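Secondary and tertiary structure notes
Residues per chain are reported as follows:
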Amino acid sequence: MSMAVSRALCRVLSRQSAVPTNVSSLMGVDGHVSQGPWFASVLTLKTSAPLRAEPKKKKKVDPRREQMVRERLKKKLKKLERVPPELIPIEDFTTPAKYMDETRVRGAPQLPFEESERRALLLKEWSRYKQTQHRAEMEAVGLAVEAQREALEELRLESEELYQAALRPDPLLFPFNHQGPSYTPPKAQYEAPEGKYNNITKVYTQ
């Protein structure tokens, strides 16, 4: 053991004595290499972490077991194919159950006798007023149509030309000017704004 250690020290000392020319700047005045972190002492003990790692062994896969796993997966896929796909319900076409409850009826408020009588008399008076107004309007329209017919008959006796001119519609009687949207081609790269909205769409997972 002592002989091996002495031989190792001799080899290290021989390598240490052969100093290259590019490290002459690191040498001191007396020609010895200055001690520093790059030039440790020969007598310094050096240790390293023990390397006891072992390569990971591959697990032996049983071909029969692997075949069984594949068959199970195939059976599961066949079961999934047999089951029809579940359709996602459209809630817009379904009436909620709380609105289909027939027992949920809003009752009319109970009015006192005086208030109900007052409302009934007011409704009758309003009906009589509207009936009188309708009769007056119909009578006025009838008188106007009769007067127009008589005037056209008298005009026809005077001149057939004026009678035909009177029957033509007058565009200047009710002046009306309207300018609608012009027919223009749409823009090719125009993206219409979607606006602000709250997305309440439910996500279903099968």
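Here's a quick rundown of the structure.

Parameters and conventions
Residues numbered from 1 in each chain as written. Predicted model: local features only at pLDDT ≥ 70, side-chain atom pairs only at ≥ 80, totals over all residues. Heavy atoms only, no water. Salt bridge = Lys/Arg side-chain N within 4 Å of Asp/Glu carboxyl O. Helix = DSSP H or I, 4+ residues; strand = E, 2+ residues; numbered from the N terminus. Buried < 20%, exposed > 50% of the residue type's maximum accessible area, 1.4 Å probe, protein only. Axes fitted to C-alpha atoms, helices over the stretch in contact; angles between N-to-C directions. Contact = heavy atoms within 4.5 Å. Nonpolar A, V, L, I, M, F, W, Y, C, P; charged D, E, K, R; others polar.

1. Examining the pattern of salt bridges
- Tallied over the full model, the rule gives 6 salt bridges.
- Between Glu146 and Arg149 there is a salt bridge whose closest N-O contact spans 2.3 Å. Of the two residues, Glu146 and Arg149 both sit in helix H3 (residues 113-158), 3 residues apart, roughly one turn of that helix.
- On the accessibility criterion, Arg149 (40% relative accessible area) is partly exposed.
- A salt bridge links Glu160 to Arg156; the nearest nitrogen and oxygen atoms lie 3.3 Å apart.
- Residues joined by salt bridges that share partners form a network here, namely Glu115, Arg118 and Arg119.

2. With respect to the packing of H3 against helix H4 (residues 160-167)
- Orientation of H3 relative to H4, taken along the N-to-C sense of each, is 145 degrees, at an axis distance of 6 Å. In this structure, H3 contributes Leu152, Leu155 and Arg156 to the contact, and H4 contributes Glu160, Leu162, Tyr163, Ala166 and Leu167.
- Taken together, the residues that form the contact of H3 with H4 break down as 6 nonpolar, no polar and 2 charged.

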